[in-house]
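Chain by chain, the residues run as shown.
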Amino acid sequence: MKLTQDQVKRFEEEGYLFLPNLFSGQEMDILNAEVPGILATKREEVVREKGTEAPRSAFYVQTWNPVYERLARHPRLVEPGVQLLGSDKLYMHQFKINAKAAFDGAVWQWHQDYATWHADDDMPSPRAMNIALFLAEANEFNGPLMFIPKSHRKGRLAAGHDVTTTSYPLWTIDHDTITRLVKEGGIVAPKGGPGSVLLFHGNLVHASGSNITPWSRWIVYLSLNRCDNAIRRFKRPTWIANRDFTPIDMLPDDCLLRYKRQGKSAAE
Ligand code: SIN
Ligand code: MN
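Source: prediction; values computed, not measured. Along every chain, residues carry numbers that run from 1 in the direction the sequence is written. Labels are handed out in written order, letters beginning with A for the chains and numbers beginning with 1 for the ligands. For this predicted model, a pLDDT threshold of at least 70 governs which residues receive local features, and a threshold of 80 or more governs which side-chain atom pairs are given and counted, while totals over whole chains, interfaces and linings are taken from all residues. Think of the side-chain values as coming from all heavy atoms in the structure, minus any hydrogens and water.

### Examining the overall build of the protein
Strands are runs of DSSP state E lasting at least two residues, helices are runs of H or I lasting at least four, and both sets are numbered from the N terminus onward. Along the protein, the regular secondary structure elements total eight helices and twelve strands. Computation of the radius of gyration draws on C-alpha atoms alone. For the globule rule, the value is 2.2 Å times the number of residues to the power 0.38. In terms of overall size, the protein behaves like a compact globule, its C-alpha atoms giving a radius of gyration of 17 Å where 268 residues would be expected to give roughly 18 Å. Dimensions of the protein along its principal axes, counting C-alpha atoms only, are 55 × 40 × 35 Å. With a 1.4 Å probe rolled over the protein chains alone, any residue whose accessible area is under 20% of its type maximum counts as buried; one over 50% counts as exposed, and the rest are partly exposed. Across the 268 residues in the protein, those meeting the buried criterion constitute 57%.

Here it is, written out as structure tokens:
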């Protein structure tokens with residue numbers, strides 16, 4: 001899927017691009033049918049919220065679920081990355097489903113992803129980005145992603161290692177800096193139904209609040225990196241910071257529907 005010149009320009013200026021309803025209801029049904037089972041799985045890649053059994057993130061799902069193996073190679077998600085990152089050789093730095101579970105979903109503090117990719121993984125440059133696909137609706141109540149538009153233009157900002165607030169350690173930005181950035185750029189929270197896609201720059205400052213609604217806010221994230229920008233430190237496990245730098249081999253656009261038509265079950 002090719003982005004228009006106008007969309008590319010908007011991404012470069014604002015640091016993100018929102019594409020509502022990019023996947024059909026049928027495709028979303030195929031993806032969503034897998035999620036309860038994935039989040040209930042007891043394995044180290046499924047991280048729980050601090051102090052509860054509620055799922056926070058399921059990592060590396062593309063390696064242990066065949067439907068998500070396909071999604072990780074989906075051209076509607078990978079091609080925009082190829083276009084925006086300027087290379088047809090991209091690999092999956094990280095792949096996760098964030099559950100933001102009904103009643104229990106906890107915050108993600110203000111941060112830039114590249115701060116963590118740089119500090120923990122020694123990624124050479126911010127030529128990496130996120131492609132987020134909403135599995136469930138994200139609305140104003142259930143902890144939608146919040147962005148500070150244009151903040152990616154500030155480059156990598158100073159960050160401190162937060163290992164206490166949530167179950168997932170993150171390099172986060174202090175309140176004074178966030179206050180200053182928000183005065184300049186404001187905050188946006190793109191909201192939409194399942195099948196909507198959000199693309200955002202590795203240096204865009206973002207966060208999300210907790211979810212005390214009855215609506216889980218499932219989002220799947222592809223963090224794509226250029227193969228010539230591969231990480232050089234292997235401190236984090238490969239299921240968090242992938243060490244397999246094989247270029248993504250895209251599948252046809254109907255790969256999810258085809259999977260269903262072949263009558264496969266997730267166990268195959
Ligand atoms: C992230 O920043 O990696 C996740 C934020 C969210 O899912 O709310
Ligand atoms: Mn992030």
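### Overview of the packing of aromatic side chains
Any two rings among Phe, Tyr and Trp, with Trp reduced to its six-membered ring, count as a pair given centres within 6.5 Å; such a pair is stacked if its planes are under 30 degrees apart, edge-to-face if over 60, and tilted if neither. For the structure on display, the rule yields ten aromatic pairs. Each ring, one from F234 and one from F245, has its centre 6.4 Å from the other, and the planes form 35 degrees; the classification is tilted. Of this pair, F234 sits in the loop between strand 12 (219-226) and helix 8 (255-261) while F245 sits in the loop between strand 12 and helix 8, placing them eleven residues apart in sequence. A relative accessible area of 44% means that F234 is categorised as partly exposed. Classification of F245 as partly exposed rests on a relative accessible area of 28%. Counting every residue linked through ring pairs, the aromatic cluster contains F59, W108, Y168 and W239. Placement of a positive charge over a ring is assigned whenever Lys NZ or Arg CZ falls within 6 Å of the ring centre and within 35 degrees of the normal to the ring plane. In this structure, R43 is placed above the aromatic ring of W64, and the distance from its NZ or CZ to the ring centre is 4.2 Å.

### Some remarks on the site of ligand 1
All residues adjacent to ligand 1 are K96, N98, W108, H111, L145, H206, S208, R217 and Y221. Polar contacts here mean pairs of N or O atoms no more than 3.5 Å apart (in protein, one a potential hydrogen donor and the other a potential acceptor; neighbouring residues in sequence count only if both atoms are side-chain atoms). Side-chain polar atom of N98 to an oxygen atom of ligand 1: 2.8 Å apart, as the coordinates give it. In this structure, S208 approaches ligand 1 through a side-chain N or O atom, which is 2.6 Å from an oxygen atom. All accessible areas in this document rest on Shrake-Rupley with a 1.4 Å probe, and a residue is counted as covered only by the protein chains that are shown. Relative to its free-state accessible area of 260 Å², ligand 1 is covered by the protein chains to the extent of 98%. When contributions to the shell around ligand 1 are tallied by element, the ones reaching two or more residues are strand 4 (90-98), strand 5 (108-111) and strand 11 (206-208). A breakdown of the residues in the shell around ligand 1 according to their chemical character gives three nonpolar, four polar and two charged. Note on terminology: near, applied to a residue and a molecule or strand, indicates that one of the residue's heavy atoms is within 4 Å of it. We call Asp, Glu, Lys and Arg charged. Ala, Val, Leu, Ile, Met, Phe, Trp, Tyr, Cys and Pro are nonpolar, and the rest, Gly among them, are polar.

### Some remarks on the coordination of the manganese ion (ligand 2)
Only N, O and S atoms count as donors, using a 2.8 Å cut-off from the metal and 3.2 Å for Na, K and Ca, and because water is excluded some sites may appear unfinished. Protein-derived coordination of the manganese ion (ligand 2) comes from H111 (NE2), D113 (OD) and H206 (NE2), at a distance range of 2.1 to 2.2 Å. As a motif over one chain, the donors of the manganese ion (ligand 2) read H-x1-D-x92-H. Like D113, H111 is buried.

### Notes on helix 1 (residues 5-14)
Those residues of helix 1 lying buried are Q7, V8 and F11. Viewed along the axis of helix 1, the buried residues span an arc of 100 degrees, placing them on a single side of the element. Working rule for contacts: check all heavy atoms of both residues, and any pair within 4.5 Å makes them a contact. Buried residues in helix 1 make contact with strand 1 (16-19), helix 5 (75-85), strand 6 (128-134) and strand 10 (197-201). A positive phi of about 95 degrees marks G15, the residue just after helix 1. The arc in question is the one traced by the directions running from the helix axis out to the C-beta atoms.

### Things to note about unusual backbone geometry
A positive phi angle is found at Y60, which is not glycine, with a value near 60 degrees. Here Y60 is to be found in the loop between strand 3 (55-59) and helix 4 (66-71). Non-glycine residue K150 carries a positive phi angle of around 70 degrees. Position of K150 among the secondary structure elements: in the loop between strand 7 (145-147) and strand 8 (160-162). Residue classification places K150 among the partly exposed residues on the basis of a relative accessible area of 38%.

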